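# Structural overview for review
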Amino acid sequence: MAKITDALSRPLRDLRISVTDRCNFRCTYCMPKEVFGDDYPFLPKSELLTFEEMTRLARLFSQLGVRKIRITGGEPLLRQDIPVLIKQLNDIDHINDIGMTTNAVLLGKYGEQLYEAGLRRLNISLDALDEDVFGKMNGRGVKPQIVLEQIDRAKEIGFDLKVNMVVQKGVNDEEIIPMATYFKERGITLRFIEFMDVGNDNKWSFTKVVTKRDIFSQLVQHFKLKPLGANYFGEVAQRYRYTDNGAEVGFITSVSESFCSTCTRARLSSDGKLYTCLFATDGFDLRKLLRSNKRDEQLLDYIKSVWTKRADRYSDERTEATATSKRKIDMSYIGG
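Bear in mind that the values here come from a model prediction, so they are computed numbers and not experimental data.

A complete count under the given rule lists 20 salt bridges for this structure. Its salt-bridge partner being Arg121, residue Asp97 comes within 2.7 Å of it at the nearest N-O pair. With a gap of 24 residues between them, Asp97 in strand S3 (residues 97–102) and Arg121 in strand S4 (residues 121–125) connect regions that are remote in the sequence. Under the relative-accessibility criterion, Arg121 is labelled buried at 14%.

Printed below as a string of C-alpha cells:
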C-alpha cells in the first residue's frame, strides 16, 4: 500500500462519491430552479458509473490512503438500489468510515436497508424550521416537518447524525437560534455552513455570507460553549460543546477561515471524473480509463499522478472577483 501526498504535502484520506446529478430539491444555493428547470439535461444512465465501477475505484483509492468515503449527489437516495453500493463499499479493506449527505425526504424508504448494508453516518440538510423560509430555500415548498420526521426515524434506527444548515444573510439567518435550540435539546449535532461560491448559478457574493464569527456571537448570547480540538488531521468542522448537556455544534468556515492547508479530499463525479477541489473547473476522466480496460496498476499510476501534482488552494486565494468570474463545477454535480 502506497500512501501519497500532493504538492503541498497533503495526504489523500477522503473520497467523496457523487452517485447522481439529480435532486428532488431546487435549493437556491445549489440547484436554483431558474437554471435547473424541468427540461434540464441531466446525465443519461449510460454515462453514470456503475456500482461495480465505483467500488473498483474506491478499492484503488483505499490502496493510496483513503479511509473515509462519503456518498453524495445530487440527492443520493434518488439512485436506484443505493444500499447495494453501500454493501459493496463496506466490504473494502481499510475503508473504516462510510457516510452519506442527504435531504432525507426518501430516507423512510431506504433507512433500514442502508443501515443493514453498513452505513452508519448521515449528514442531513435542513436550512430552517420556519415553513415559509425552508419552502422557499428548497425551491419545492417541502415542509421542514417532513425532514424532521426522518431525522427522528434515523435516530431510532441508530445512525450517527449531523444536520447541515447553510446560512445566508437576509434569507435564513433569523433561524440560527431556533435551529440551535431544537437540535441541542435532542442531542443532535448541528453544523452551520458559510454560504459558498460553489458553481456559477447561486448569485453568490461576500455580502450574503454570515461568517462563523457572526453566528458564534449570536450563539453565546443564549448558550455556554466550550471549544473542542480536532479529532483528526483534515477535520473540516470547528467543533464546540454545549456545557450543560454535552451536545455539539460545528462550523464549516471555508469562506472566512479557509482550511485548504489540511484538505485531504478527492471527489468523484457520478460520470467518473476525478476532481481535486470543490471549486475546480475541470476533472480527470477515470470512466474513460475504466471502460478502455485499463489494469488496476495503470489506474493507480494515473490517480497517483493527479494527486501528487495537486496544488489547489482556492479558498485561500478567493476574492470577490475570482469568485464571480471563475468557471466552477456545480455542487449538484460533484457533491458538497
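Alright, that's what it looks like, and here's the rest.
Another point: the nonpolar core. If you look at the biggest cluster of nonpolar residues, it comprises 111 residues, and the most contacted ones within it are Ile71, Ile82, Leu114, Phe183, Phe192 and Leu219. Once you skip the residues sitting within four places of it in the chain, Ile71 turns out to touch Ile17, Val19, Pro76, Ile82, Leu85, Ile86, Leu89, Gly99, Met100 and Thr101.

With respect to the helices and strands, the residue Gly335 is situated in the segment after helix H12 (331–334). With relative accessibility at 2%, the residue Gly335 sits in the buried group. Separated by 156 residues in sequence, Gly335 and Met179 place their C-alpha atoms 24 Å apart. Look past the residues within four positions of Gly335 in its chain and what remains in contact with it is Thr72, Gly73, Arg267 and Leu278.

Here we come to the pairing of strand S2 (residues 68–72). With five of its five residues buried, S2 lies for the most part within the structure. Burial of S2 is two-sided: the residues Lys68, Arg70 and Thr72 facing one way and the residues Ile69 and Ile71 facing the other way are all buried. With respect to chirality, the unit in which strand S1 (residues 14–18) leads through helix H1 (residues 51–62) into the neighbouring parallel S2 is right-handed. Crossover S2 to S3 through helix H2 (residues 82–90) is right-handed.

Turning to the sheet that holds strand S11 (residues 273–275), a few remarks are in order. Pairing within the open sheet is mixed, and its 12 strands lie in the order S7-S8-S9-S6-S5-S4-S3-S2-S1-S10-S11-S12. Two strands bound the open sheet, and with one partner strand each, they are strand S7 (225–227) and strand S12 (284–285). Two elements, S3 and S4, share four bridges in a ladder whose sense is parallel. Across the sheet, the residue bridging to Met100 is Leu122, located in S4. Its contacts with the sheet place helix H7 (residues 212–219) against strand S5 (160–167), strand S6 (189–194), S7, strand S8 (238–242) and strand S9 (248–252), and it is angled at close to 155 degrees to S9.

Calculation criteria
- Residues numbered from 1 in each chain as written.
- Predicted model: local features only at pLDDT ≥ 70, side-chain atom pairs only at ≥ 80, totals over all residues.
- Heavy atoms only, no water.
- Salt bridge = Lys/Arg side-chain N within 4 Å of Asp/Glu carboxyl O.
- Helix = DSSP H or I, 4+ residues; strand = E, 2+ residues; numbered from the N terminus.
- Buried < 20%, exposed > 50% of the residue type's maximum accessible area, 1.4 Å probe, protein only.
- Core = buried A, V, L, I, M, F, W, Y, C linked by side-chain atoms within 4.5 Å.
- Contact = heavy atoms within 4.5 Å.
- Right-handed = clockwise from strand over helix to strand, strands pointing away.
- Pairing = 2+ DSSP bridges.
- Axes fitted to C-alpha atoms, helices over the stretch in contact; angles between N-to-C directions.

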